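What the coordinates show
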2 protein chains.
Amino acid sequence: MKRTAFFISDGTGITAEALGNSLLAQFGSIQFNKVTLPYIDTIEKAVEAVDTIDQAGITDGQRPIVFDTVVDEATREIIATSTAYKIDVFSAFLKPLELELGSHSSYSVGKSHSINEINRYMDRIESVNFAIDNDDGARTQHYDKADIILTGVSRCGKTPSCLYMALQFGIRAANYPLTDADLTQTTLPEVLIPFKDKLFGLTIDPFQLASIRHERRPNSRYASLDQCEDEVRVVERMFRKQKLPHINTTHFSIEEIATRIIAQMGLKRRIS
Amino acid sequence: MKRTAFFISDGTGITAEALGNSLLAQFGSIQFNKVTLPYIDTIEKAVEAVDTIDQAGITDGQRPIVFDTVVDEATREIIATSTAYKIDVFSAFLKPLELELGSHSSYSVGKSHSINEINRYMDRIESVNFAIDNDDGARTQHYDKADIILTGVSRCGKTPSCLYMALQFGIRAANYPLTDADLTQTTLPEVLIPFKDKLFGLTIDPFQLASIRHERRPNSRYASLDQCEDEVRVVERMFRKQKLPHINTTHFSIEEIATRIIAQMGLKRRIS
């Protein structure tokens, strides 16, 4: 029988999910049915949420776990009336932080919308556009404006990593795929030479590469293990010979690839 | 004088940042210098981190705030020796959760890498590819495969919202921009009619639209307030007349736009 875990917030629910998932991941033997209830920002919605939680407890035969990041105290008090086991983030940490900072918290929902929000928004949009415009080697004439240029064989994770860096951190990330034509030698493709300092290589286990490519083009030469092994071997030799910083993406999520690149290259975020 | 806040993790640091930013946003009057220290996964790195933290305290003249999501206890004990004020997430919540769940936690870093991870990875990649391939009305022949189709005037936030839904939730999101040709009437563009159930409208304050467009094409008719006012007026009339669900994105972050669409449309996530 699965146990239900609720992530409850008066905002997006992203913090409650991140925290809840981190904690629940420590209990690998237990299966959870995860439900996010975002924008619980009125008394009515809170009452409804309590009902949903209590129903799940009856269905499961055991009380749900609630990760609560609701800021508003009145709403939180209603959530607290449910039968669930509650991890109440603001109750646990906000009072002690107030003491430490010698300041009262505003108990306001979501991030502060300062005058800088519009700039932050535009930085994100510009970075997303940059990633799309400079995806897959489509254009190379804007590499001078890139913060980073990812390179590697087709399907090793370049595009989602670039987009993640753009959306989360406002980083201008381009990517250049190394194709058969580039892989006849271990020198860099000519177009990349002037930007060597911005280059970061991605590599991947050939078996995984083959299985990813197989989803895209089943039974093609492109997806064959032979082809994948050949490409990966040459690319890794090129990375070593050119002394390019690089990582193997096989066991990493997109978040991990992106944050490792940022840490390793010391990239500055435009947004935070 | 700014006070320094550290987000420390043996993984990506994303949970520590989400939690820390939520809590610090409650203290709008205090300026923080925020530093993320990810992948603190050895004794050596922990010792180095303590040094960095203590140095910041000396420079600032007040002790830093540390948001610690390190799972490994030995590492966390070293972080605990710093002079900072610490919010230690796993210490606060993991022991009580163990009791509640009647199970020992594995104290392992990051998300569990189950056999499903490769499927999750491919779902994300496929969704990102879908969003790119079906961006900006470039192609419309795959709308039958879309989970959602965003529509609205140029620069109202469609592309980043689609990519965010793809990356975070594995949702297949297409977007179709409404251009002058579409805005001579309040009927839907013909290509959208068969997919009315998947349509979601974005609108925006004309002043903000003009300032966003101005960044892209300064002093153009496209960016003029008159043009933006006209387009927004017609689009909003179309949304109402066609009874399309829609939101005004002016005061929302990309996370908020995406999560509100998901909640309002009841979209199912492919990944979580």
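Residues numbered from 1 in each chain as written. Chains lettered and ligands numbered in written order. Predicted model: local features only at pLDDT ≥ 70, side-chain atom pairs only at ≥ 80, totals over all residues. Heavy atoms only, no water.

Formally: UniProt positions are given in the numbering used here, feature names are shortened, and annotations may be inferred rather than shown by experiment.
The name given to chain A in an unreviewed UniProt entry is Putative phosphoenolpyruvate synthase regulatory protein, and the organism recorded there is Amphritea atlantica. The annotation that UniProt attaches to chain A under Sequence similarities (unreviewed entry) is "Belongs to the pyruvate, phosphate/water dikinase regulatory protein family. PSRP subfamily." As stated in UniProt under Function (unreviewed entry), the record for chain A gives "Bifunctional serine/threonine kinase and phosphorylase involved in the regulation of the phosphoenolpyruvate synthase (PEPS) by catalyzing its phosphorylation/dephosphorylation."

**Focus: the interface of chain B and chain A**
The test is simple: When checking whether two residues touch, look at their non-hydrogen atoms; a contact exists if any pair is within 4.5 Å. By buried area we mean how much accessible surface two parts lose on assembly, using a 1.4 Å probe and totalling the loss over both. The term salt bridge refers to a side-chain nitrogen of Lys or Arg lying within 4 Å of a carboxyl oxygen of Asp or Glu. Residue type decides the class: Asp, Glu, Lys and Arg count as charged, Ala, Val, Leu, Ile, Met, Phe, Trp, Tyr, Cys and Pro as nonpolar, and the leftover types, Gly among them, as polar.
The interface is formed by 81 residues belonging to chain B together with 80 residues belonging to chain A. On the chain B side of the interface with chain A, the three residues burying the most area are Gln26, Phe93 and Tyr121 of chain B, jointly 10% of the side's total. One can count eight salt bridges joining chain B with chain A. Arginine 269 of chain B is the salt-bridge partner of glutamate 17 of chain A, the closest N and O atoms lying 2.7 Å from each other. Grouping the constituent residues of the side of chain B that touches chain A by class yields 41 nonpolar, 22 polar and 18 charged.

**With respect to unusual backbone geometry**
Residues and elements named next belong to chain B. This is how it is decided: By the criteria applied, helices consist of DSSP H or I runs no shorter than four residues and strands consist of E runs no shorter than two, each listed in order from the N terminus.
Of note in this structure, asparagine 219 is not a glycine but carries a positive phi near 60°. For asparagine 219, the position within the fold is in the loop between helix 7 (206-216) and helix 8 (225-241). The backbone of lysine 243 sits at a positive phi, close to 55°, despite the residue not being glycine. Along the chain, the position of lysine 243 falls in the loop between helix 8 and strand 8 (246-248).

**Points about the pairing of strand 7 (residues 199-203) of chain A**
All names here are of chain A. Defined as follows: For every residue, the accessible area (1.4 Å probe, protein chains only) is compared with the maximum for its type, and the residue is labelled buried under 20%, exposed over 50%, or partly exposed between those bounds. Strand pairing is assigned whenever DSSP detects at least two bridges linking the two strands.
Across the five residues that make up strand 7, a large majority, five, are buried. Burial along strand 7 is two-sided: the residues Leu199, Gly201 and Thr203 and Phe200 and Leu202 are all buried. Pairing of strand 5 (residues 148-152) with strand 7 involves three bridges; the strand directions are parallel. Paired with isoleucine 149 across the two strands is leucine 199, which belongs to strand 7.

**Observations regarding the nonpolar core**
Let me state the cut-off plainly: Within this scheme, the nonpolar core is defined by two criteria: the residues are buried Ala, Val, Leu, Ile, Met, Phe, Trp, Tyr or Cys, and they are joined through side-chain atoms within 4.5 Å.
Counting residues in each nonpolar core, the largest one holds 100 residues, and the members touching the most others are Ile261 of chain A together with Ile261 of chain B. Not counting the four nearest positions on each side in its chain, isoleucine 261 of chain B is found in contact with Ile148, Leu150, Met165, Phe200, Leu202, Ile247, Gly266 and Leu267 of chain B. If you look at the next biggest cluster of nonpolar residues, it comprises 38 residues, including Phe90 of chain A together with Phe67, Phe93 and Leu97 of chain B.

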